[in-house]
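Each chain, letter by letter, is given below.
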Amino acid sequence: MSAATAHGYEVLARADLPVDTVDLARTLIGKVVVRETSDGLLSGRIVETEAYLVGDAASHAYRGETARNRVLFGDRGYAYVYLAYGVSYMLNVSSEAAGVGAGVLVRALEPLVGIATMQLNRGVETLRDLARGPGRLAAALDIDRRLDGADLCRIGPLWLARDLHDALDIGISTRIGLTKAADRLLRFYVRDNRFVSGPKALNS
DNA sequence: AGTGCGATTGACT
DNA sequence: GTCAATCGCACTA
């Protein structure tokens, strides 16, 4: 039996996702986010992620389960979407076993399919700026709280797909924009990739 | 019921 | 480089 495919993409099975949050953050680099909307198909390759661990003061799950973060406490491979600074939505992938609160923030994409629609969604033309940064990424793909809880291992409005490209040079750095636990090396990115966010010093 | 604060972004000096 | 916008949420009382 072969895995389900759509639009030329093969959906990632939950068994393909590492349970461990750091392993998942690394594994997601190079995978593809697929967004299906009434305006058509949008997709992009993940070039930057951050892990938010159990016992991590910077994690939304740190103070226990609430109505907002409940997805982080479910099984791995589901979308946790929240609004940051009252301005930007953030896309996360839940990790670890059910009952354990942790996840991976998807911080940047290399746009692949539906670039014209992403330009409209963002109000910006520049390819490099369409999904460089978590808030921009969510805006480009028209992601908001309606997609909170979406199963990313099932073909639908939002899912994860394999990518043909392998052997990416992955760098590690501190996470961006934190006031707590800011020293931990939990950010993963494709080295010297122009679609990665953050200061130059952290990207090579 | 009131308060303080961000896993950011875009505009501006 | 600096800084304000903006609002849902968690915490205090």
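Treat the numbers as computed from the prediction; the structure is a model and nothing was measured.

S.K.: Can you walk me through the protein's contact with DNA strand C in this structure?
M.R.: The environment of DNA strand C is formed by Arg63, Thr66, Arg68, Leu83, Tyr85, Gly86 and Val87. Each atom of DNA strand C within 4 Å of the protein was classed as base or backbone; sugar and phosphate made up 82%. For DNA strand C, a phosphate oxygen lies 2.5 Å from a polar atom in the side chain of Thr66. Take Tyr85: an N or O atom from its main chain is 2.4 Å from a base oxygen of DNA strand C. For the surface near DNA strand C, the per-class residue count stands at three nonpolar, two polar and two charged.

S.K.: Honestly, helix α1 (residues 21–28) in this entry has me stumped. Any pointers?
M.R.: Helical geometry note: an α-helix holds 3.6 residues per turn, so side chains three or four residues apart project in the same direction. Thr21, Val22, Leu24, Ala25 and Leu28 are the residues of α1 that are buried. Down the axis of α1, the sector holding all buried residues measures 160°, keeping them to one side. Next to the buried residues of α1 lie β4 (40–52), β6 (88–94), β7 (103–113), β8 (158–161) and β10 (187–190). With a side-chain oxygen positioned 3.1 Å from the backbone nitrogen of Val22, the residue opening α1 is Asp20. Once α1 ends, the next one or two residues include Gly30, with phi positive near 95°.

S.K.: Can you walk me through the pairing of β6 in this structure?
M.R.: Both faces of the sheet carry side chains from a regular strand, because those side chains alternate between them. In terms of residue burial, β6 counts as a mostly covered element, since five of its seven residues are buried. Strand direction decides the pairing type here: strand β5 (residues 79–84) and β6, joined by six bridges, are antiparallel. The partner of Ala84 across the bridge, within β6, is Ser88. Remark: three residues form the turn of the hairpin made by β5 and β6, two consecutive strands paired antiparallel; Tyr85 in that turn has positive phi of roughly 55°.

S.K.: Looking at this structure, how should I read the protein's contact with DNA strand B?
M.R.: With respect to spatial proximity, 20 residues lie near DNA strand B, and among them Tyr85, Asn92, Gly135, Arg136 and Leu178 are the closest. Expressed as a percentage, the sugar and phosphate content of the atoms of DNA strand B within 4 Å of the protein is 53%. For DNA strand B, a phosphate oxygen lies 3.3 Å from a polar atom in the backbone of Pro134. Among the secondary structure elements, those contributing two or more residues to the surface near DNA strand B are β6, β7 and α3 (134–140). Taken together, the residues that form the surface near DNA strand B break down as nine nonpolar, eight polar and three charged.

S.K.: Teacher, can you tell me more about the pairing of β8 here?
M.R.: The alternating pattern of β8 places Leu158 and Leu160 on one face and Trp159 and Ala161 on the opposite face, and all of these are buried. Bridge analysis of strand β3 (residues 32–37) against β8 gives four bridges, and the strand direction is antiparallel. Directly across from Val32, in β8, lies its bridge partner Ala161.

S.K.: I would appreciate a short explanation of unusual backbone geometry in the present structure.
M.R.: In terms of backbone geometry, most residues other than glycine have negative phi values and most peptide bonds are trans. One non-glycine residue with positive phi stands out, namely Tyr85, at about 55°. Positionally, Tyr85 belongs in the loop between β5 and β6.

S.K.: For this particular structure, what's the right way to read the packing of aromatic side chains?
M.R.: By convention here, two paired aromatic rings are described through the distance between centres and the angle between planes. In total, this model carries one aromatic pair according to the counting rule given. Relative to Tyr82, the ring of Tyr80 has its centre 5.4 Å away and its plane inclined at 25°; by these criteria the two rings are stacked. With a relative accessible area of 13%, Tyr82 lands in the buried category.

Definitions and limits used
- Residues numbered from 1 in each chain as written.
- Chains lettered and ligands numbered in written order.
- Predicted model: local features only at pLDDT ≥ 70, side-chain atom pairs only at ≥ 80, totals over all residues.
- Heavy atoms only, no water.
- Near = heavy atom within 4 Å.
- Polar contact = N/O pair within 3.5 Å; in protein donor to acceptor, adjacent residues only side chain to side chain.
- Nonpolar A, V, L, I, M, F, W, Y, C, P; charged D, E, K, R; others polar.
- Buried < 20%, exposed > 50% of the residue type's maximum accessible area, 1.4 Å probe, protein only.
- Helix = DSSP H or I, 4+ residues; strand = E, 2+ residues; numbered from the N terminus.
- Arc of directions from axis to C-beta.
- Contact = heavy atoms within 4.5 Å.
- Pairing = 2+ DSSP bridges.
- Phe/Tyr/Trp six-rings, centres within 6.5 Å; stacked < 30°, edge-to-face > 60°.

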